[in-house]
Amino acid sequence: MLVKRPMRRHVFLYLGATAVAISITTFMLFTSESYEFAKEFVMNDPRVAQVTGAQKSSRVAPFKGFRSTFGDRSGEAHFTFKVDGNRGRFDVRVETEKRNGRWTVIKAQVTSSDGTTTSVTDAGVGS
């Protein structure tokens, strides 16, 4: 049986729908309270700054993986941020949890470009 090739307009429709889905997901990520909480932690926590040095820039690394599920009272989120600091480049992985409407950092790890991983918090850093 011969397989028909998709028509050019169908390919453009599929590509357009994919672009719209990625755009909506990205918008929802960058406007979520879980992202804002994790970003604030990475930028302002003195234990992160102790490892990275003064931060020149930080941005989420979507290809390193992220997850965010939450409602009004509970949820969880995991983000990895790329941080450029005075001491080099780092990946900062932040795992958060929301209980009773309040976000808390469960675990945060800083990994340097040479692969050295430092745990900066064990649990309980809240909003």
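Scoring rules and cut-offs
Residues numbered from 1 in each chain as written. Predicted model: local features only at pLDDT ≥ 70, side-chain atom pairs only at ≥ 80, totals over all residues. Heavy atoms only, no water. Helix = DSSP H or I, 4+ residues; strand = E, 2+ residues; numbered from the N terminus. Buried < 20%, exposed > 50% of the residue type's maximum accessible area, 1.4 Å probe, protein only. Areas by Shrake-Rupley, 256 points an atom, 1.4 Å probe, with all protein chains shown as cover. Lys, Arg positive; Asp, Glu negative; His and termini not counted. Charge placed at Lys NZ, Arg CZ, Asp CG, Glu CD. Core = buried A, V, L, I, M, F, W, Y, C linked by side-chain atoms within 4.5 Å. Contact = heavy atoms within 4.5 Å. Expected span 1.5 Å × (residues − 1). Arc of directions from axis to C-beta. Phe/Tyr/Trp six-rings, centres within 6.5 Å; stacked < 30°, edge-to-face > 60°.

Novice: Would you mind going over the overall build of the protein with me for this structure?
Specialist: Of the regular secondary structure elements, the protein holds three helices and seven strands. Start at the N end of the protein and walk to the C end: the helices and strands fall as α-α-α-β-β-β-β-β-β-β. Relative to its 127 residues, the protein shows a buried fraction of 30%. Summed over its atoms, the accessible surface of the protein is roughly 8600 Å², and 56% of this surface lies on carbon and sulfur atoms. Here the protein contributes 19 positively and 12 negatively charged side chains, and the mean placements of these two sets differ by 11 Å.

Novice: Is there a simple way to explain the nonpolar core in this structure?
Specialist: What tends to happen in soluble globular proteins is that the nonpolar side chains get buried as a cluster. Of all hydrophobic cores here, the largest spans 20 residues; its most connected members are Phe41, Val42, Phe79, Phe81, Val92, Val94 and Val105. Those elements giving two or more residues to this core turn out to be α2 (33–44), β3 (75–85), β4 (88–99) and β5 (102–112). When residues in this core are grouped by element, the largest group, five residues, is from α2. The residues touching Val92, leaving out its near neighbours within four places in the chain, are Val42, Val48, Phe79, Thr80, Phe81, Val83, Gln109 and Val110.

Novice: Which parts of the structure should I look at to understand α2?
Specialist: Each α-helix turn comprises 3.6 residues. Residues three or four places apart therefore point the same way. Over its 12 residues, α2 runs 16 Å from end to end, which matches the ideal 16 Å to within 8%, given 1.5 Å per residue. For α2, the set of buried residues is Ser34, Tyr35, Phe37, Ala38, Phe41 and Val42. Down the axis, α2 shows its buried residues gathered within 165° of arc, on one side only.

Novice: Explanation requested: the packing of aromatic side chains in the structure shown.
Specialist: For any two aromatic rings, the description comes down to two numbers: the centre-to-centre distance and the angle of the planes. As enumerated under the stated definition, the model contains three aromatic pairs in all. These aromatic residues form a ring-pair network of at least three members: Tyr35, Phe79 and Phe81.

Novice: Got a minute to help me understand unusual backbone geometry in this structure?
Specialist: Outside of glycine, negative phi angles account for most residues, and trans bonds account for most peptide bonds. A positive phi angle, close to 50°, is found at Asn100, a residue other than glycine. For Asn100, a relative accessible area of 62% corresponds to the exposed category.

Novice: Would you take a moment to explain the environment of Met7 for this structure?
Specialist: Within the secondary structure, Met7 is located in the segment before α1 (8–30). You can call Met7 partly exposed: its relative accessible area is 45%. When the C-alpha positions of Met7 and Arg47 are compared, they lie 55 Å apart, and in sequence the two are 40 residues distant.

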